[in-house]
Amino acid sequence: MTVTALGLPQRRHSQGRRAAANAEPVYAEDPGLIDRFGRVVRDLRVSVTDRCNLRCTYCMPADGLDWLDNDAVLTTGEFVRIIAVAVRDLGVRSVRFTGGEPLLRRDLEAIVAGVAALHPRPEIALTTNGVGLRHRIDGLVAAGLDRINVSLDTVDPERFARITRRARLTDVVDGLAAARRAGLGTIKVNAVVPDRQDLARLPELARFCLDHGYQLRVIEQMPLDADHRWNRTQMVTADDILDALRSEFTLVDDDRPRGSAPADTWMVPGHHTPGGEPARIGVIASITRPFCGDCDRTRLTADGMIRNCLFADSETDLRPILRSGARTSEETDAAITAAWRANTWAKAAGHGVNDPGFHQPDRPMSAIGG
C-alpha cells in the first residue's frame, strides 16, 4: 500500500484525476460524481428497505428495530427515477440493491426491470441473506439481475440459528443452489466472523463454497451494529481470518488488478469455478487495511437519503426534491444532480474508524445498506 500526497491510502489502483482539496468542483471534463480528492464515483448502493427477516446478533437486537414508516420509504417509481439520474447524468455504471433484506420488497423485480431499461444500462447486482431467494431468483434474473452476493456466516445449522436467531440455513443453501440454476455466473458468499470461536468453523464454510463453486468473501466486522457493542479489542482481523483459512488451504496471492473492489483475493490451488477459472477467496479488511483511497461508491437509503460513506455523519435528503410538486421534470432532475454532486464533493478522505475521535454512525448497517 502507498499513500498519496493527499494522505489517501492507495492499493493496486489509482483513481486518476486529482482535485485540489479545497477547490470548487469543476465538471467540464467529467460531468459525473467526483470528490475533493479526485475519486470518481461509479458504484451506487441502493437500500430498498431497512427491514430484515433475520436478527443477526452483530447487527440488531432480537426484537428488531423501529422500522421506517411506509410513507417515508421511496416508491418503485421514485427509486427508478433517482437511479436514472445517477446513471444518465452522473456516470454511475453499477447498481447494487441491498437492505435490510431487499427480498422483503414485493416490487423488487419491478425496480430491477426499471433500472435494466435505462440507457446506458448499468450492471445490476443484489446482496441478500438468501432466505427467500429460491422463490424470487428466476423473476429477478428475468428482470435483469446480473450478479448476486448471499450473506452466510456458517454452514453449521446450530451456529447459524444462534447467530441469526432463526433456523433458516436450509433456505439459504437452497437459495444459493437456485441462483446457480438460474444461470448467474460468479456467485459470492459474504461472511462475517462474529466471534473468535467461529474462526475454527471458517474452513468448513470455505470448503462448502469451493465445493459448490461460490466465491467466499470474509468481511471484518465493522462498527455499524444497532447495539453499539462493537469492540476493537475483540474484533476478528484479516490476519486472524487468513491464519484460519491457511490452516487447511494453500492461498496464493492473486495478481489480477484489484481496481476499486473492496476485497483482497487469493487463489486456492486445486479448486476451480464452474467456468474453469481458478477458485478465489477474498478478505475485506475494512478496519485493519482500509481502502478508502480507492472508494468509488455512493449510497441511497430506503428513505431517500444520499450518503457518501457508510460512516458519514451527514446525509442529503432527496425526498423534498422528489415530492415537492413545484418543479418541472427537468428541474427535479437538475436539483437531484446538484444535491448529489455537493454530497459527493464533501466526502471525507477516509472512514475515520481508526481515528481517536471516531464515533459510530447513528444509523446501523440495516438502515444504511451494505
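For every chain, the first residue of the written sequence is number 1, and numbering continues from 1 along that sequence. Totals for whole chains, interfaces and linings use every residue, but because this is a predicted model, local features are given only for residues with pLDDT of at least 70 and side-chain atom pairs only at 80 or more, for both listing and counting. To get the side-chain values, all heavy atoms of the structure are used, and hydrogens and water are removed first.

Undergrad: Please explain the packing of aromatic side chains as it appears in this structure.
TA: A ring pair, where both rings are aromatic, is described by two values, the distance of the centres and the angle of the planes. Whether two aromatic rings pair depends on their centres lying within 6.5 Å, for rings of Phe, Tyr and Trp, where Trp uses its six-membered ring; planes under 30 degrees apart make the pair stacked, over 60 edge-to-face, and the rest tilted. Summed over all chains, the structure comprises one aromatic pair. Taking the centre distance of 5.9 Å and the plane angle of 55° together, the rings of F208 and Y214 count as tilted. There is no split in this pair, since F208 and Y214 are both buried. Residue exposure (1.4 Å probe, protein chains only): buried if accessible area is under 20% of the type maximum, exposed if over 50%, otherwise partly exposed.

Undergrad: It is not clear to me how the sheet that holds strand 11 (residues 252-253) should be interpreted in this structure. Could you clarify?
TA: Two strands qualify as a pair provided DSSP detects at least 2 bridges between them. Helix and strand assignments come from DSSP, with helices taken as H or I runs of at least 4 residues and strands as E runs of at least 2, each series counted from the N terminus. Here twelve strands make up an open sheet; going across it, the order is 11-12-13-10-9-8-7-6-5-14-15-16 and the pairing mixed. The open sheet terminates on both sides in strands that have one partner only, identified here as strand 11 and strand 16 (316-317). With five bridges connecting them, strand 12 (residues 264-272) and strand 13 (residues 278-284) associate as antiparallel partners. By the bridge assignment, D264 is partnered in strand 13 with V283. Any pair of residues with heavy atoms lying within 4.5 Å of one another is described as a contacting pair. Note on geometry: axes are lines fitted to C-alpha atoms, helical ones only across the stretch in contact, with angles between N-to-C directions running from 0 to 180 degrees. Strands in contact with helix 7 (residues 238-246) are strand 10 (215-219), strand 12 and strand 13; relative to strand 13, the strand with the most contacts, it is inclined by about 150°.

Undergrad: It is not clear to me how the pattern of salt bridges should be interpreted in this structure. Could you clarify?
TA: A pair can form between side chains of opposite charge whenever their charged atoms are brought close. Salt bridges are counted wherever a side-chain nitrogen of Lys or Arg sits within 4 Å of a carboxyl oxygen of Asp or Glu. Under the counting rule described, the total for this entry stands at 23 salt bridges. The partner of D35 in a salt bridge is R39, with the nearest N and O atoms 2.5 Å apart. A relative accessible area of 1% means that R39 is categorised as buried. Among the ionic pairs, R81 bridges to D333, the shortest N-O distance being 2.8 Å.

Take it as geometry only, folks, not as evidence of what the structure does.
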